[in-house]
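What follows is the residue order along each chain.
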Amino acid sequence: MTTAPPRLDRRRFVADLVGRLPEDTLVVTGLGSPSYDVFAAGDRPGTFYLWGAMGAAAPLALGLALARPDRPVVAVTGDGEHLMGIGSLATIGALLPPNLTLVVLDNAHFGETGMQPSHTGLGTDLVAVARGFGIRDAVRITDPAQAEDLAGRIAARSGTTYAQVLITTEAPPRALPPRDGVANKNSFRAALGLPAV
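Since we're looking at a predicted model, the values are computed, not measured.

Rules of the game
- Residues numbered from 1 in each chain as written.
- Predicted model: local features only at pLDDT ≥ 70, side-chain atom pairs only at ≥ 80, totals over all residues.
- Heavy atoms only, no water.
- Core = buried A, V, L, I, M, F, W, Y, C linked by side-chain atoms within 4.5 Å.
- Buried < 20%, exposed > 50% of the residue type's maximum accessible area, 1.4 Å probe, protein only.
- Helix = DSSP H or I, 4+ residues; strand = E, 2+ residues; numbered from the N terminus.
- Contact = heavy atoms within 4.5 Å.
- Pairing = 2+ DSSP bridges.
- Right-handed = clockwise from strand over helix to strand, strands pointing away.

S.K.: I'd love a proper account of the nonpolar core, names of residues and values included.
M.R.: Core analysis: the biggest nonpolar cluster contains 26 residues, and V73, I92, L100, L102 and Y162 have the highest contact counts within it. Per-element accounting of this core gives the leading share, six residues, to helix 3 (residues 57-67). Ignoring anything within four residues of it in the chain, the contact list for V73 reads L26, A61, L64, A65, N99, L100 and T101. Counting residues in hydrophobic clusters, the runner-up holds 21 residues, among them L8, F13, V27 and V76.

So this is what it looks like as structure tokens:
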């Protein structure tokens with residue numbers, strides 16, 4: 001009989017990871033819990049919170065990584081949001097920007113719609129999927145200490161990294177980032193050194 005791998009406290013892992021990121025890191029959050037966790041870790045001007053754009057975290061982060069190769073780019077998303085846009089991994093695997101990291105918080109459920117089981121709880125192996133799309137540096141994280149190693153990979157910008165973080169289904173209190181899309185856009189543009197529009 002095989003033992004299930006340990007699952008981590010989502011908010012604690014995200015706080016540890018975000019606290020270790022280089023200051024110039026650009027962060028894109030998937031909708032729902034990843035946005036709450038990144039915001040709870042401390043709002044940063046280089047963070048773009050997605051609201052209602054399911055499946056868009058990875059492709060948006062890819063575009064940023066290609067446009068700004070001088071800065072680390074991290075997408076922090078959940079398994080449900082990520083599965084909705086899984087085809088973007090094909091393009092990421094073809095281009096492999098060295099400054100891009102995808103962090104998938106995987107509780108094996110669709111947390112925002114009622115905790116229905118997601119495909120990762122039904123047999124989909126996200127690390128194998130990422131590798132199948134050509135992302136060689138694909139890891140599964142089951143130990144909180146791995147946040148330090150992941151932050152080091154992000155800072156190094158030496159290759160596209162994919163991290164599936166196994167998390168519990170515990171739901172800490174929501175920490176809601178601002179829902180003002182224009183303000184969010186302008187704050188992010190300012191972090192890129194661009195004028196507000």
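S.K.: Go over the pairing of strand 8 (residues 161-166), please, and point to the residues and values.
M.R.: The element strand 8 is extensively covered by neighbouring structure, given that six of its six residues are classed as buried. Burial along strand 8 is two-sided: T161, A163 and V165 facing one way and Y162, Q164 and L166 facing the other are all buried. In this sheet, strand 8 lies alongside strand 4 (residues 100-106) in parallel orientation, the contact comprising six bridges. Each residue of the ladder has a partner; that of D106, found in strand 8, is L166. A crossover connection joins strand 7 (residues 137-141) to the parallel strand 8 through helix 7 (residues 146-156); in handedness this β-α-β unit is right-handed.

S.K.: Break down the pairing of strand 3 (residues 73-78) for me, with residues and values.
M.R.: Burial of strand 3 is extensive: six of the six residues sit out of reach of the surface. Burial along strand 3 is two-sided: the face carrying V73, A75 and T77 and the face carrying V74, V76 and G78 are both buried. Inspection of the sheet shows strand 3 paired to strand 4 by six bridges, in the parallel sense. Counterpart to A75 in the pairing with strand 4 is L102.

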